[in-house]
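Spelled out, the chains give:
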Amino acid sequence: MDRQNAWLKSDAEEMASIMSFAEDYRQFISNCKTERECVKEIVSMAKEKGCMCLSEVMASGRQLKPGDRVYVDNMGKALALFTIGKKPIEDGLRIIGSHIDSPRLDIKQNPLYEDEGMVLLDTHYYGGIKKYQWVTMPLAIHGVVALTDGRNIEVAMGEEETDPVVGVTDLLIHLAGEQLDKKGAKVVEGEALDILAGNMPLSGECEDAKQSVKANILSILKEKYGIAEEDFMSAELEAVPSGPARNMGMDNSMIIGYGQDDRVCAYPSVMAYFDSGIPEYTTACLLMDKEEIGSVGATGCKSLFFENMLAEVMECCGQYSELKLRRALAASVALSADVNSAYDSNYASAFEKKNSSYLGKGVVIKKFTGSRGKSAASDANAETVAKIRKIMEDNDIAYQIAEIGKVDLGGGGTIAYILANYDMEVLDCGVPVLSMHAPYEVTSKVDIYETYRLFKAFVEK
Ligand code: MN
Ligand code: MN
């Protein structure tokens, strides 16, 4: 069944809204390249919009009422935003859950070494990447170094135009005969993703001449950030593509940039949350970490964070009991907001055309994800799909339904199944993306806007 190109239904006014929304989004992903940077930025937007910090509400003993907005930050890496609805919370919430972590190269805990006058930083990649894509491009390093005295040093190097970048080198074509005979997964191996970080020896006397370039790098880190070599042990430093996301296409219809999986869903969900009024049902906007490695750990979706914080919100509304919490979770409807692979003409054989998502045809809903025989899928109920379809049809939102690709080729998952464990209704949906998980991913501006429109209609319904 053919879906119309979503651009066709936009008049001049809507076109202007699509473009201005996309520009704000482009700036957001250019400035927020790690889960921590996303949380920091969204918390600052939330404060500006009068959203209260949940722990402050708890401490003040003040009771929350319909229309009140609260946020709660989990270790600076995941975030939940709530708007209290008119109905009792035990009637269920309207939840939009996305993730704000993206594939990247993490700096190891013992990273620094010098070899033949070059200093390198050893990395361990995070999430599913084609390793050969991460060589020969300018990288920036973002993150924190936690010191034993309790201070947290924020690091961001390689983003300003005048700021030096780092990067991973590749073997020259002239010597790559053996390399190019290897399988794609082995062309560049995980241990070959060491980042080149320096080449200049420390001036003056150096105890070990063979370590003088490393000594110089350590002295720069000491001077600039006040950190020593052992502080890498308690650091979270992420190497990501340097520089801003860019408008793309001769028609300016797309965006190319790092980390769009899944900030291209997270950003519209946050905007829909801010732009909606007092809802019937309490709204939760969840921005989770660690989705790319299985949603594990304290800041991943499998953690009790959301459940615990919902209990606290109910307590602040004078509505908490264990039973009411269970009822609230089971009566909820959730959109698991995550990207979908877009059909790619260069790789047409990977897709089954009738059930693929296309750039420019609007928000994608996915009845199920998983792989090879729906393994590990969260399969939405037909009735849930119908409910969301109705919202989209009533609001003239361009949408398409798709699977990731051909049946036996592979697949993937989202946080949908984790929310579905509460016995709530969950549907996967999101923005179609080309070159997913590559250092630079591609999206269409109209799809981002239609996704925002779905999220807004969903929380307002
Ligand atoms: Mn994702
Ligand atoms: Mn992903």
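Residues numbered from 1 in each chain as written. Chains lettered and ligands numbered in written order. Predicted model: local features only at pLDDT ≥ 70, side-chain atom pairs only at ≥ 80, totals over all residues. Heavy atoms only, no water.

## A closer look at the overall build of the protein
Here comes step 1: Scanning the protein for helices and strands turns up 12 helices and 22 strands.
Here comes step 2: The C-alpha radius of gyration of the protein comes to 23 Å, within 12% of the 23 Å expected for a compact globule of 461 residues.
Here comes step 3: Projecting the C-alpha coordinates of the protein onto the three principal axes gives extents of approximately 70 × 55 × 45 Å.
Here comes step 4: Within the span of the protein, comprising 461 residues, buried residues form 54% of the whole.
Here comes step 5: Taking all contacts inside the protein whose residues are at least 6 apart in sequence as the whole, residues at least 24 apart take part in 75%. (Helix = DSSP H or I, 4+ residues; strand = E, 2+ residues; numbered from the N terminus. Rg over C-alpha atoms; globule rule 2.2 N^0.38 Å. Buried < 20%, exposed > 50% of the residue type's maximum accessible area, 1.4 Å probe, protein only. Contact = heavy atoms within 4.5 Å.)

## Examining the coordination of the manganese ion (ligand 2)
Four donors placed tetrahedrally around a metal ideally meet at 109.5 degrees, and six donors placed octahedrally ideally meet at 90 or 180 degrees.
Here comes step 1: Around the manganese ion (ligand 2), the protein contributes the donor atoms Asp261 (OD), Glu292 (OE), Glu292 (OE) and His437 (NE2), which lie 2.1 to 2.5 Å from the metal centre.
Here comes step 2: Here the manganese ion (ligand 2) and the manganese ion (ligand 1) are spaced 3.3 Å apart, linked through Asp261, which binds each one. Taken together, the residues Asp261 in helix α7 (residues 260-275) and Glu292 in the loop between β13 (282-288) and α8 (305-316) connect sequence positions 31 residues apart.
Here comes step 3: The class of Asp261 is buried, set by a relative accessible area of 2%.
Here comes step 4: Owing to a relative accessible area of 13%, Glu292 belongs among the buried residues under this scheme. (Donors = N, O, S within 2.8 Å, 3.2 Å for Na, K, Ca; no water.)

## Here we look at the sheet that holds strand β22 (residues 441-444)
Here comes step 1: Spatially, β11-β12-β22 is the arrangement adopted by the three strands of the open sheet, whose pairing is antiparallel. Across the chains shown, the open sheet's two edge strands, defined by having one partner strand only, are β11 (246-248) and β22. Strand after strand, the sheet turns through a mean of 30° between neighbouring axes, direction not considered.
Here comes step 2: Taken together, the three bridges between β11 and strand β12 (residues 254-257) define a ladder with antiparallel strand orientation. Residue pairing for β12: Met248 is matched across the bridge by Met254.
Here comes step 3: The strands touched by helix α1 (residues 12-31) are β11 and β12; relative to β12, the strand with the most contacts, the crossing angle is about 0°. (Pairing = 2+ DSSP bridges. Axes fitted to C-alpha atoms, helices over the stretch in contact; angles between N-to-C directions.)

## Examining a nonpolar patch on the surface
Here comes step 1: A cluster of nonpolar side chains, Leu171, Leu172 and Leu175, forms an exposed patch at the surface whose accessible area comes to about 280 Å².
Here comes step 2: The residue Leu171 is located in the loop between β8 (152-157) and α4 (177-180) in this model. (Patch = residues over 30% accessible without salt bridge, like charges linked within 9 Å, V, L, I, M, F, W, Y side chains within 5 Å. Areas by Shrake-Rupley, 256 points an atom, 1.4 Å probe, with all protein chains shown as cover. Salt bridge = Lys/Arg side-chain N within 4 Å of Asp/Glu carboxyl O.)

## A few points about the side chain of Gln179
Here comes step 1: Here Gln179 lies in helix α4.
Here comes step 2: The class of Gln179 is buried, set by a relative accessible area of 11%.
Here comes step 3: Not counting the four nearest positions on each side in its chain, Gln179 is found in contact with Asp170, Leu171, Val187 and Val188.

By themselves these figures say nothing about function.
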